[in-house]
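Examining the three-dimensional arrangement
Listed below are the residues making up each chain.
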Amino acid sequence: MKISFSEAKLPSAGALVVGVLADRKLTASARRVDAETKGAVQRALKASRFTGAKGQWLELVAPTGLGADRVLLAGLGKPAEIDALALESVGGSATSKLLASGLESLTFLVDPIEGAEIGLADGAARVAYGAKLAAYRFDRYRTKEKADAKPSLKTLTVGSEEASEARKSFAPLDKIADGVFFTRDLVSEPGNVIYPETFAKEAQALQKLGVEVEVLGEKQLAKIGMRALLGVGQGSERESMVAILRWNGGRKRDKPVAFVGKGVTFDTGGISLKPGPGMEEMKWDMGGAGTVAGLMKALAGRKAKVNAIGAIGLVENMPDGNAQRPGDIVASMSGQTIEILNTDAEGRLVLADVLWYVQDRFKPQFMVDLATLTGAIIISLGNAHAGLFANDDELAERLFAAGKAEGEKVWRLPLDDAYDKMINCDAADMQNIGKDRGAGSITAAQFLQRFVNDVPWAHLDIAGVAWSKKDTPTVPKGGTGWGVRLLDRLVADYYER
Ligand code: BES
Ligand code: MN
Ligand code: ZN
């Protein structure tokens, strides 16, 4: 879809979106439409229960007196409710309503609103951002979709009195959305298409944006001692890999920020095999890695002034004659030994080695890892928050604030000696699952913490948010791309020079 910014003029065809404030108060653009149509807007308000409350919509089809074929009234609520996320929702909802409507163009008219939380140019940019995020589809395997069900929208225009400022404000958002789409694609692709080697190839494509990409195969991983990671992949025909992505947008002497992703391209559970129903969902067990890759694309795309590392552990967890057994003991790269009591608790084994490697080699300012790590986090938080664990309050607070601002919310859970004890073990330095069933997400985080020294570190358990079964205004169902926006914001607000 082509997105452009223009002056605030009424379109000659297609769909037109104008805003209405709470208590049926028309914006300037809505008043213009009302005048051109000899009162059709006011009549429509009287004929419905639309009040202009935030999130309401009312549609006028083929209004007399206008070139536009449809007018959509968007409820904006009270001025104080009009912020970046609300305007993204307006852009996103209108786009999903009209994407396959048969119309080819969609125009938004954005007005300055006194008392709004966001200014006109930034607001117009957020409408476009929401529209772009909503227009995403993962449809490359649908060969029989009927012509009249396919997307028809081709152009999107956001009209305002500050078009050139809005265009400028949109430029970085456009690049972040490209990063989100990269993540969504990677996560939605099935396990026969995305496996360690093909994931690494996709990451290498970021080289054309200036990202340095290094890929380590099994030979090199064995040489540096990543036996915890390699144990997970040893039952798979696919070679395990680690991909290291580097974006050098900062000064030479600036310490990098580091992001680490769990990239289990398919998780059968291994010998501790998962039940059959629902197992297909485990194609998205590389969601953390997908987010790290999308984030690196966003940072490079908008030329962020920061040095960033993206480190991705890529394995497939399969059961076969060579697979790791329950009871096996492996030595991790850190030297600590691990008794594998459940081969389905594999993500932590992958992250343990990659976290250790990253802190040792890059001495980062902080590390944030992302992983679809535990089903238990879905029991705790559902799909509305990711779980946050951190050894550093400042980093935790920054993640919380960035998540709130971008609509990708996190909720902090505790780390504590009482939970750490639960992974002590007689046979080795630790075991890979807790001694009893309680606190499954926390014991997983405690496990990771044993591979982190004194660097500020946070762990995001994204099992509940990496995939969505229902559409929301800016996130169609499927791979969500969760975390790209949050982490881009974290970098932009606190770590760019
Ligand atoms: N990838 C899963 C976690 C998961 C489950 C993600 C459901 C998304 C939806 C992870 O590797 C796993 O299997 N975790 C186990 C840990 C258990 C064996 C201690 C779990 O959560 O059941
Ligand atoms: Mn598992
Ligand atoms: Zn897993």
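See the structure above.
These notes cover the structure that comes with them. The residue numbers shown here count from 1 along each chain, following its written sequence. Here chains are named by letter from A upward and ligands by number from 1 upward, in the order in which they appear as written. Totals for whole chains, interfaces and linings use all residues, but because this is a predicted model, local features are given only for residues with pLDDT of at least 70 and pairs of side-chain atoms are given and counted only at 80 or more. Side-chain calculation: all heavy atoms of the structure are included, whereas hydrogens and water are not.

Before going further, it helps to examine the layout of surface pockets. In this structure, the largest pocket spans a volume of roughly 1,000 Å³. Around the largest pocket sit 39 residues that line it, and Asn383, Gly407, Thr472, Thr474 and Val475 are the ones nearest its centre. Going along the chain from the N terminus, every DSSP run of H or I of four or more residues is numbered as a helix, and every run of E of two or more is numbered as a strand. For the lining of the largest pocket, the secondary structure elements donating two or more residues are strand E5 (70-77), helix H3 (84-98), helix H5 (163-188), helix H12 (393-406) and strand E19 (467-468). With six residues, the top contributor of residues to the lining of the largest pocket is H3. The residue classification treats Ala, Val, Leu, Ile, Met, Phe, Trp, Tyr, Cys and Pro as nonpolar and Asp, Glu, Lys and Arg as charged. All others, Gly included, are polar. Here the lining of the largest pocket is built from residues that sort into 17 nonpolar, 11 polar and 11 charged. Size it by volume and the second largest pocket reaches roughly 800 Å³. Here a cavity means grid points, on a 1 Å grid over the protein atoms only, where a 1.4 Å probe fits yet cannot get out; a pocket means an open set of points with protein on both sides within 12 Å along at least five of seven lines; lining residues are those with an atom within 4 Å of a point. As for the second largest pocket, its lining consists of 30 residues, of which Lys274, Asp344, Thr374, Gly375 and Ala376 are closest to the centre. Grid points are joined across faces, edges and corners, and a volume is the space filled by probe spheres set on the points.

A separate point is the coordination of the zinc ion (ligand 3). Looking at the zinc ion (ligand 3), one finds its protein donor set to be Lys262 (NZ), Asp267 (OD), Asp285 (OD) and Glu346 (OE), positioned 2.0 to 2.4 Å from the metal centre. Each metal site lists N, O and S donors within 2.8 Å (3.2 Å for Na, K and Ca). With water left out of the atoms, a site can look as if it is missing ligands. In this scheme the shape depends on donor count and angles: four donors with every angle between 85 and 135 degrees give tetrahedral, four or six donors with opposite pairs above 155 degrees and others between 65 and 115 give square planar or octahedral in turn, and any other case is irregular. Considering all six donor atoms around the zinc ion (ligand 3), the spread of angles at the metal, 78 to 175°, places the coordination shape in the octahedral class. Linear spacing of the donor residues for the zinc ion (ligand 3) on their chain is K-x4-D-x17-D-x60-E. Here the manganese ion (ligand 2) and the zinc ion (ligand 3) are spaced 3.1 Å from one another, each receiving a donor from Asp267. Of this pair, Asp267 sits in strand E10 (residues 257-267) while Glu346 is found in the loop between strand E13 (337-339) and helix H10 (347-362), placing the two residues 79 residues apart along the sequence. For the pair shown, Asp267 and Glu346 are each scored as buried. Classification of residues uses two cut-offs on accessible area relative to the type maximum, computed with a 1.4 Å probe and protein chains only: under 20% is buried, over 50% is exposed, and between them is partly exposed.

Bringing unusual backbone geometry into the picture now. Backbone geometry places Arg24, a non-glycine residue, at a positive phi of 60°. Relative to the elements of secondary structure, Arg24 occurs in the loop between strand E2 (15-21) and strand E3 (25-26). For Lys38, which is not glycine, the phi dihedral falls at a positive 55°. Take Lys38: it is sitting in the loop between helix H1 (28-36) and helix H2 (40-46).

Purely geometric numbers; function is a separate question.
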